[in-house]
Amino acid sequence: MDQTDSYPVKLYIYDMSRGMARQLSPLMLGRQLDGIWHTAIVVHGKEFFFVGEGINNCPPGGTPLGNPDSIVDLGSTEVPADIFMEYLFSLAESSYSGDKYNLFEHNCNTFSNEVAQFLTGQKIPSYITDLPSEVLSTPFGQALRPLLDSIVINPGGNNITGQR
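To start, this report covers the structure provided alongside it. In this text the structure is predicted, and so the values were computed from the model without any measurement. (Residues numbered from 1 in each chain as written. Predicted model: local features only at pLDDT ≥ 70, side-chain atom pairs only at ≥ 80, totals over all residues. Heavy atoms only, no water.)

### So, the packing of helix α2 (residues 81-93) against helix α3 (residues 108-120)
Moving on, step 1. Interhelical geometry of α2 versus α3 gives an angle of 145 degrees and a closest axis separation of 12 Å. Every pair of crossing elements has a handedness; the one defined by α2 and α3 is right-handed. Contact residues: α2 offers F84, Y87, L88 and L91, while α3 offers F111, E114, V115, F118 and L119. (Axes fitted to C-alpha atoms, helices over the stretch in contact; angles between N-to-C directions. Helix = DSSP H or I, 4+ residues; strand = E, 2+ residues; numbered from the N terminus. Left-handed = near helix turned anticlockwise from the far one by under 90°. Contact = heavy atoms within 4.5 Å.)

### Considering the sheet that holds strand β1 (residues 7-15)
Moving on, step 1. Across the sheet, which stays open at both edges, the 6 strands sit in the order β5-β1-β2-β3-β4-β6 with antiparallel pairing between neighbours. Two strands lie at the open edges of the sheet, namely β5 (70-77) and β6 (158-159), each paired on one side alone.
Moving on, step 2. Relative to β5, β1 is paired through 7 bridges, and the arrangement is antiparallel. Paired with K10 across the two strands is D73, which belongs to β5.
Moving on, step 3. Sitting on the sheet, α3 touches β1, β2 (37-43), β3 (46-51), β4 (54-58) and β5, and the angle it makes with β2 is about 30 degrees. (Pairing = 2+ DSSP bridges.)

### Concerning α3
Working note: α-helix, 3.6 residues per turn, so residues spaced by three or four point in the same direction.
Moving on, step 1. With 13 residues, α3 extends 18 Å from end C-alpha to end C-alpha; this agrees with the ideal 18 Å at 1.5 Å per step.
Moving on, step 2. Looking one or two residues past α3, G121 carries a phi angle of roughly 80 degrees, positive in sign. (Expected span 1.5 Å × (residues − 1).)

### Focus on the packing of aromatic side chains
Moving on, step 1. Enumeration according to the criterion identifies 8 aromatic pairs in this entry.
Moving on, step 2. When the ring of W37 is compared with that of Y127, the centres are 5.7 Å apart and the planes differ by 85 degrees; the resulting orientation is edge-to-face. Linking W37 in strand β2 with Y127 in helix α4 (residues 126-129), this pair joins segments that are 90 residues apart in sequence.
Moving on, step 3. The class of W37 is buried, set by a relative accessible area of 13%.
Moving on, step 4. On the basis of an interplanar angle of 35 degrees and a centroid distance of 6.4 Å, the ring pair of F50 and F111 is categorised as tilted. In this pair, F50 sits in strand β3 while F111 sits in helix α3, placing the two residues 61 residues apart along the sequence. Each member of the pair, F50 together with F111, is buried.
Moving on, step 5. Each residue in the set F48, F84, Y87 and F118 is aromatic and connected to the rest through ring pairs, giving one cluster. (Phe/Tyr/Trp six-rings, centres within 6.5 Å; stacked < 30°, edge-to-face > 60°. Buried < 20%, exposed > 50% of the residue type's maximum accessible area, 1.4 Å probe, protein only.)

### Overview of helix α1 (residues 20-29)
Moving on, step 1. Among the residues making up α1, those that are buried are A21, S25 and L29. Buried positions in α1, seen along its axis, are confined to an arc of 30 degrees and lie on one side of it. In this structure, α1 carries Q23 and L27 as exposed residues pointing more than 90 degrees from its buried face.
Moving on, step 2. Looking at the residues trailing α1, positive phi occurs at G30, about 80 degrees. (Arc of directions from axis to C-beta.)

Now the structure itself:
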């Protein structure tokens, strides 16, 4: 009988606003937001995420953001670490190089969603992936878009390609 290893896959979720979105969003946007989400995929003993310099990794919970606000179990994968790293390097050279980062349209959550589907066939929760369109659908979000488009989120970690 063929033995196939299985590896747990987790989604780490951080609120970049540290609770401020929950307090201020009704006043500023006219609707309740529970957080401004940064996500990462944890698999093979490392946390992987996309930022303005490309795909980074660190020990789980090892960014300056500290421990995640929540962890979602995405299931498991049979993709071994070496194949997974080849996949990440191909992404880092194409669709997830640092110059492709965009806060609203191509960010850490886009990356986490794509990687989650590659590893497990599951998407990350829609309340995370829908957040940019929720913000931009408000007059305040539209007014702030030029400023917000220039923001690059980088919670630390090591770039997988060794580039900065």
